[in-house]
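# Structural overview for review
What follows is the residue order along each chain.
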Amino acid sequence: MTARRPPARRPRKHRPSKRQRQNQLLALAGGCAVVLTLLRALISWLAENPWVLILLAAAALVGGVWWAHRYQQKRDWEQARQQALRYALPQLDALHHRDFEYAVRDLMRRDGCTDARQIGGAGDNGADVLATDPMGRTWVIQCKHRKDGDQGSAVGTPDLQRVNGCARQLYGADVVLVVTNGRFSTRCAPLAAQLHMHLADRRTVATWASGGRPLWELLPKIPAPRKGR
């Protein structure tokens, strides 16, 4: 019969002794005393040399003015870049479908939709770009990119139904738009009219992306501006 081994003892955690704890407290108190002494000496020295505070305040003021100037300059550069933004159709055709969404976002920003953002991806509920135009209207845009342009497959009615099902309920859309660098099937236009949606095909996108006119000047029957705008 094999004898049972006694259970292994767990190693005891090392606890500092009372004397060690006292030494730690004394060291902490000594460190605090040193810091307070240095702080008092610094305050006393600054009181005797107020010009140092004046120099520091002046440096902070100059730094703040410089930062504000750089920030405004960056905003001005970005605004100028957006206002000058143009795309030719071959450029749009060459984009990845995700980059096409960002291009649509940037074009909306160019036209004054300062809050335009790309949200396309998993769980986007059919919306790729959200934007509010200068008239207060909320735009929900689905982007359908075709690398072969109008020679590729046509955008069909399921794409319209997908975005229409969520655009107004989830995002409060005033304008529901499907935009493509390709073409729509023949059944899309009647369905879009029935659902009060808008379509921007390759021809409309070419005019929009290469010129300076916003989409609300190119699409028919856009809702009126929101009240107060």
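Reference entry: report on the structure contained in this document. (Residues numbered from 1 in each chain as written. Predicted model: local features only at pLDDT ≥ 70, side-chain atom pairs only at ≥ 80, totals over all residues. Heavy atoms only, no water.)

All told, the structure shown has seven salt bridges when counted by the stated rule. In this structure, Arg202 and Asp93 form a salt bridge, with 2.8 Å as the shortest nitrogen-oxygen distance. Highlighted residues: Arg202 in helix α7 (residues 202–210) and Asp93 in helix α3 (residues 89–93), separated in sequence by 109 residues. Two residues, Arg98 and Glu101, come together in a salt bridge whose shortest N-O distance is 3.0 Å. (Salt bridge = Lys/Arg side-chain N within 4 Å of Asp/Glu carboxyl O. Helix = DSSP H or I, 4+ residues; strand = E, 2+ residues; numbered from the N terminus.)

As summarised here, the arrangement of the five strands in space is β1-β2-β3-β4-β5, forming an open sheet in which the pairing is mixed. Sheet topology places β1 (117–118) and β5 (198–200) at the edges, where each strand pairs with a single neighbour. Note that strand β2 (residues 129–132) and strand β3 (residues 138–144) share four bridges and pair antiparallel. Within β3, the position partnered with Thr132 by the bridge is Thr138. (Pairing = 2+ DSSP bridges.)

What follows is about the packing of helix α5 (residues 157–171) against helix α6 (residues 188–195). Contact geometry for α5 and α6: axes closest at 10 Å, N-to-C directions at 15 degrees. On the basis of the axis angle, α5 is roughly parallel to α6. Note on packing geometry: the crossing formed by α5 with α6 is right-handed. Of the residues in α6, those touching α5 at Thr157, Leu160, Gln161, Asn164 and Arg168 are Cys188, Leu191, Ala192 and Leu195. Tallied by class, the residues present in the contact of α5 with α6 amount to five nonpolar, three polar and one charged. (Axes fitted to C-alpha atoms, helices over the stretch in contact; angles between N-to-C directions. Parallel < 35°, antiparallel > 145°, perpendicular 65-115°, else oblique. Left-handed = near helix turned anticlockwise from the far one by under 90°. Contact = heavy atoms within 4.5 Å. Nonpolar A, V, L, I, M, F, W, Y, C, P; charged D, E, K, R; others polar.)

For the rest of this paragraph, the subject is the environment of Val52. The residue Val52 is located in helix α2 (residues 50–83) in this model. By relative accessible area, Val52 is classed as buried at 13%. When residues no more than four places from it in sequence are discounted, the contact partners of Val52 are Trp45 and Leu46. (Buried < 20%, exposed > 50% of the residue type's maximum accessible area, 1.4 Å probe, protein only.)

Okay, the nonpolar core next. Leu92, Val104, Met108, Trp139 and Ile141 are the most contacted members of the largest nonpolar core, which has 27 residues in total. Mapped by element, the contributors of at least two residues to this core are α3, α4 (97–110), β2, β3, β4 (175–180), α7 and α8 (215–218). For this core, the leading source of residues is α4, giving five residues. Judged by nonpolar contacts, the second largest core, of 15 residues, contains Ala127, Leu130, Val163 and Met197. (Core = buried A, V, L, I, M, F, W, Y, C linked by side-chain atoms within 4.5 Å.)

When you line up the elements, His145 lands in the loop between β3 and α5. A polar side-chain atom of His145 sits 2.7 Å from the main-chain carbonyl oxygen of Leu92. In terms of polar contacts, His145 uses its side chain to reach the backbone carbonyl oxygen of Asp93, at 3.4 Å. What His145 contacts, discounting residues up to four positions off in sequence, is Leu92, Asp93, Leu95, His97, Phe100 and Asn181. (Polar contact = N/O pair within 3.5 Å; in protein donor to acceptor, adjacent residues only side chain to side chain.)

So, on to unusual backbone geometry. Here the phi dihedral of His196 falls at roughly 60 degrees; this positive angle occurs in a residue that is not glycine. With respect to the helices and strands, His196 occurs in the loop between α6 and β5. Accessibility expressed as a relative area gives 60% for His196, which makes it exposed.

As a further point, take α6. Those residues of α6 lying buried are Cys188, Leu191 and Ala192. Angular distribution of buried residues about the axis of α6 spans 100 degrees; they occupy a single face of the element. Seen from the open side of α6, the exposed residues pointing more than 90 degrees away from its buried face are Pro190, Ala193 and Gln194. Close packing links the buried residues of α6 with α5 and β5. His196, located one to two residues past α6, shows a positive phi value of around 60 degrees. (Arc of directions from axis to C-beta.)

Limitation: the analysis is restricted to geometry and does not speak to function.
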